[in-house]
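Residue-level structural notes
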Amino acid sequence: MSSSSSAQALRQSSTADGEPPTKRARVQHGPGPLDSLSRERSSEPTNKLDGNVSPGPASEDDLDYPYGLDTTASPNDRKASDLYLDTINRALLDFDFEKVCSISMSNINIYGCLVCGKYFQGRGRSSYAYAHSIHDDHHVFINLETTKVYVLPDGYLVSDPSLEDIAFVLSPRFTRASTANLSSPSHLSKPSYDLAHKPYLPGYIGLNNIKRHDHMNVIIHSLLHVPPLRDYLLLSDFKGKETELVKRFATLAKKIWNPRLFKSQVSPHEFLQEVNRASAGKFRLEKQGDPVEFLGWLLNRLHQDMGGTKKKNSSIIFSTFQGELRVEMQQVIVRPDEAGNEKPKFDIDRDIKSTVSPFLFLAVDLPPPPLFQDAVEKNIIPQVSIHSVLAKYDGESAGQLRRYKCQRLPRYVILHYKRFTKNAFVEEKNPTIVTFPLRGVDFREYLDAPPSHPPTAYDLIANVTHESVAGTTRDKENTIWKVHLRVGGGGGEGEKWLQVQDLIVEETRKEMIFLGETVLQIWERRDTVSGSTSGTTRMAVDRR
């Protein structure tokens, strides 16, 4: 038989067996260097986990090739790998969960099956991914760390432009140009579409509530809409000694702001699992909690994990949220000859102890609700303005007289309305409604700073509200947390507000925002510039 007829017979037998032609094309007539190498590898002991050859130094790529594939194959030969690309099912791909093998539960060298979406470890002959490719006839796998795509059981690399969208969903990449207009009204005019052709707005998508963690979902949304922190996470490329919490928070931020999602929703499961571990079980998926407590823990932990110290601006957390508060205290001596209704006052003749402390958010007290019902036997829900509750910075406490004054305000002020109090019997809820404008709240009255201090007018960008059954007793089992997010800055028709409750995202009227039981707010300093062509002022955030 001639050499050409022998090669033709070999190609026919290869097609009949259903194997890729590239594998058979490497076979030579008679014994050769490749055959002797294969016999040597088959006689050597292999690793039980991934089928790699145990002895001898080898690179990571060599360890994952079970057949010693000749990497010098021509582009025409490798085009045969496209035979399996039509089996990829993008509707089943979900990269939001922890990257662990579905069988061994290991997080080392994990591959995702692009046909069924399951995760498996390794791709050598003894690996779970290799076995899955044979038993289930699923052949296309992606490395969840490097985003490289391989065909198993043959083990060769696939390089095809049609797979770029999968790699972008798995590991989104952002540039300064792509983050420049995320806070501007122009972001409203650029909706994205998922696989089902459903429009969504990147950054304003639903978060899965797997069990009882909606109190953490609202904090995630609020923080990821603070432009400096958001841009820092979107532009990050953590490959060093950063903690797993910081890496997963950055990954979650990129998924929420991803304009090319397969589904118009994201699951924070991977990040919240790390929160559970980092907090030693204090914040769990299945347990309802307090968003303020979670916010305080998360900000301090992120600051610490980002290498922050006690110094100013030592991390993106401190440079964005940290301010300074001056506390003045004086001992109060009550004299028996004084009238009982006389309030204690500062005495200039006595020593006043003054300290300056940093803060990440300001806590404000609400007036107590009425104890009795009105004439029509209904509870009166009082309303107070935001300026009346901010006046607490001239307060007092038992045995001491305290006076608070801000020394320096951060660029973003977080306000916490103390709506829940505990007594010996039950945890009470204060239903008082706080009224506030969405733009132009001036904090100058509560600031003791030189004239060189930046502007003190602030605009609202996030508002977290609490909903539960009527009454003054807190019901954690029937609690719903929602967050209002500003879309586009600058006011007017270009500024809209969206209400997010887990997977539900809907537009809300500006007049309805203050009617809820607000617990947390994030205010953004208004940096105005003059000289625009229209004669109006623009916020600096709109120019980023």
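Located above this text is the structure these notes cover.
Attention here is on the structure that accompanies the text. The written sequence of each chain sets the order in which its residues are numbered from 1. Only residues with pLDDT of 70 or above have their local features reported here, since the model is predicted, and side-chain atom pairs are shown and tallied only from 80 upward, although totals for entire chains, interfaces and linings are computed over all residues. Side-chain numbers here rest on the full set of heavy atoms in the structure, without hydrogens or water.

1. Quick look at helix 12 (residues 269–278)
- Within helix 12, eight of the 10 residues are buried, leaving the element largely enclosed by the surrounding structure.
- Three labels apply to residues, based on accessible area from a 1.4 Å probe with only protein chains included: buried if under 20% of the type maximum, exposed if over 50%, partly exposed otherwise in between. Helix and strand definitions here come from DSSP, where helices need a minimum of 4 consecutive H or I residues and strands a minimum of 2 consecutive E residues; each element is numbered from the N-terminal end. Within the span of helix 12, buried status applies to His269, Glu270, Phe271, Leu272, Gln273, Glu274, Val275 and Ala278.
- Any two residues whose heavy atoms approach within 4.5 Å are treated as being in contact. Buried positions along helix 12 lie against helix 9 (214–223), helix 11 (244–256) and helix 13 (291–305).
- Backbone geometry just downstream of helix 12 places alanine 280 in the positive-phi region, at approximately 55 degrees.

2. Thoughts on the packing of aromatic side chains
- Centres within 6.5 Å make a pair out of two Phe, Tyr or Trp rings, where for Trp the six-membered ring is used; the pair is then stacked when the planes are under 30 degrees apart, edge-to-face when over 60, and tilted otherwise. In total, this model carries 10 aromatic pairs according to the counting rule given.
- Ring centres of tyrosine 204 and tryptophan 257 lie 5.7 Å apart, and the angle between their planes is 75 degrees; on these two criteria the pair is classed as edge-to-face. In this pair, tyrosine 204 is assigned in the loop between strand 7 (199–200) and strand 8 (206–207) and tryptophan 257 in the loop between helix 11 and strand 9 (265–266), connecting sequence segments 53 residues apart.
- For tyrosine 204, a relative accessible area of 6% corresponds to the buried category.
- Considering the side-chain rings of tyrosine 232 and phenylalanine 238, the 6.3 Å spacing of their centres and the 55 degrees angle between planes classify their relative orientation as tilted.
- One aromatic cluster in this structure is built from Phe283, Phe294 and Trp297.
- The aromatic ring of tyrosine 150 is capped on one face by arginine 123, whose charged end is 3.6 Å from the ring centroid.
- Counted as over-ring charges are cases with an Arg CZ or a Lys NZ within 6 Å of the ring centre that also lie within 35 degrees of the ring normal. The aromatic ring of phenylalanine 168 is capped on one face by arginine 260, whose charged end is 4.5 Å from the ring centroid.

3. Things to note about unusual backbone geometry
- For the bond running from leucine 152 to proline 153, omega is 10 degrees, close enough to zero to count as cis.
- By secondary structure assignment, the location of proline 153 is in the loop between strand 4 (149–151) and strand 5 (156–158).
- The backbone of alanine 280 sits at a positive phi, close to 55 degrees, despite the residue not being glycine.
- Residue position: alanine 280 is located in the loop between helix 12 and helix 13.
- Of the residues examined, alanine 280 reaches a relative accessible area of 72% and is grouped as exposed.
- The phi dihedral of aspartate 502 is positive, around 55 degrees, even though this residue is not glycine.
- The residue aspartate 502 is located in the loop between strand 23 (496–501) and strand 24 (504–508) in this model.

By themselves, these observations are geometric and do not establish any function.
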